[in-house]
Amino acid sequence: QVQLVESGGGLVQAGGSLRLSCAASGGTRSSYAMGWFRQAPGKEREFVAAISRSGYYIVYADSVKGRFTISRDNAKNTVYLQMNSLKPEDMAVYYCAATRLVNLQRLSEKPLYDYWGQGTQVTVSS
């Protein structure tokens, strides 16, 4: 029902910045909460950030608070992840995901997301 396509990944030096985008199509506009997850080689996919349907509720993983900013432009049906002060431990494939979940305190729970993008690689060199 919903197709998600991430873009904006690449190679950056530690301390640098990247802005990831996730374009959504095929679903009702603004009808999904959106999340960003990441998966490093050999590791489980972990929560990064999420934003409510309206954009007014936002939650971050402790590891990225103060460095990453999630936002959405519902007119463009796009969600963004601005990543600043990148660290080598941020290196991973970043995935966006969509959920119809209403309980906002559960937005960090990976199994509750209904749709996933294919991911975009973020590489951070030291």
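I will try to describe carefully the structure that is included in this document. (Residues numbered from 1 in each chain as written. Predicted model: local features only at pLDDT ≥ 70, side-chain atom pairs only at ≥ 80, totals over all residues. Heavy atoms only, no water.)

Things to note about the overall build of the protein
(1) Moving on: On a plain count of helices and strands, the protein comes out with 0 helices and 11 strands.
(2) Moving on: Start at the N end of the protein and walk to the C end: the helices and strands fall as β-β-β-β-β-β-β-β-β-β-β.
(3) Moving on: Relative to the 2.2 N^0.38 estimate, which gives 14 Å for 126 residues, the radius of gyration of the protein is 13 Å and therefore close to what a compact globule would have.
(4) Moving on: Over its C-alpha atoms, taken along the principal directions, the protein stretches across nearly 40 × 25 × 25 Å.
(5) Moving on: Considering the protein as a whole, with its 126 residues, one finds that 44% of them fall into the buried category.
(6) Moving on: Total accessible area computed for the protein in this model is approximately 6,400 Å², and 48% of it derives from carbon and sulfur atoms.
(7) Moving on: Mean positive and mean negative side-chain charge positions of the protein (14 and 9 charges, respectively) differ by 5 Å. (Helix = DSSP H or I, 4+ residues; strand = E, 2+ residues; numbered from the N terminus. Rg over C-alpha atoms; globule rule 2.2 N^0.38 Å. Buried < 20%, exposed > 50% of the residue type's maximum accessible area, 1.4 Å probe, protein only. Areas by Shrake-Rupley, 256 points an atom, 1.4 Å probe, with all protein chains shown as cover. Lys, Arg positive; Asp, Glu negative; His and termini not counted. Charge placed at Lys NZ, Arg CZ, Asp CG, Glu CD.)

Re the environment of Thr69
(1) Moving on: Secondary-structure assignment places Thr69 in strand β7 (residues 68-73).
(2) Moving on: Spatially, the C-alpha atom of Thr69 lies 17 Å from that of Leu104, the residues being 35 residues apart in sequence.
(3) Moving on: Ignoring sequence-local partners within four residues, the contact set of Thr69 consists of Tyr60, Tyr80, Leu81 and Gln82. (Contact = heavy atoms within 4.5 Å.)

Re the pairing of strand β11 (residues 120-125)
(1) Moving on: Side chains of β11 alternate between two faces, with Thr120, Val122 and Val124 buried and Gln121, Thr123 and Ser125 left unburied.
(2) Moving on: Judged from the 4 bridges that link them, strand β2 (residues 10-13) and β11 form a sheet pairing that is parallel. Bridged to Val12 within β11 is Val124.
(3) Moving on: With 3 bridges connecting them, strand β9 (residues 92-99) and β11 associate as antiparallel partners. Of the residues in β11, the one forming a bridge with Tyr94 is Thr120. (Pairing = 2+ DSSP bridges.)

Notes on the pairing of strand β1 (residues 3-7)
(1) Moving on: Of the two faces of β1, the one holding Leu4 and Glu6 is buried and the one holding Gln3, Val5 and Ser7 is not buried anywhere.
(2) Moving on: In terms of strand pairing, β1 meets strand β3 (residues 18-25) through 5 bridges, oriented antiparallel. Counted as the bridge partner of Ser7 is Ser21 from β3.

A word on the packing of aromatic side chains
(1) Moving on: Counted under the stated rule, the structure contains 5 aromatic pairs.
(2) Moving on: Residues Phe37 and Trp116 carry aromatic rings whose centres are separated by 5.0 Å and whose planes lie at 55° to one another, so their mutual orientation is tilted. In this pair, Phe37 sits in strand β4 (residues 33-39) while Trp116 sits in strand β10 (residues 115-116), placing the two residues 79 residues apart along the sequence.
(3) Moving on: Its relative accessible area of 26% is what places Trp116 among the partly exposed residues.
(4) Moving on: Ring pairs connect the aromatic residues Phe37, Phe47, Tyr113 and Trp116, which therefore count as one cluster.
(5) Moving on: Positioned over the ring face of Tyr95 is Arg45, at 3.6 Å from the centre of the ring.
(6) Moving on: The ring of Trp116 carries Arg45 above its face, with NZ or CZ at 5.0 Å from the centroid. (Phe/Tyr/Trp six-rings, centres within 6.5 Å; stacked < 30°, edge-to-face > 60°. Lys NZ or Arg CZ within 6 Å of the ring centre and 35° of its normal.)

Observations concerning the nonpolar core
(1) Moving on: Core analysis: the largest hydrophobic core is formed by 37 residues, its most contacted members being Leu4, Trp36, Leu81, Met83 and Tyr94.
(2) Moving on: Put simply, the parts of the chain that give this core at least two residues each are β3, β4, β5 (46-51), β7, β8 (78-83), β9 and β11.
(3) Moving on: What Leu4 contacts, discounting residues up to four positions off in sequence, is Cys22, Ala23, Ala24, Met34, Cys96, Ala97, Ala98, Tyr115, Trp116, Gly117 and Gln118. (Core = buried A, V, L, I, M, F, W, Y, C linked by side-chain atoms within 4.5 Å.)

Purely geometric stuff here, so don't read any function into it on its own.
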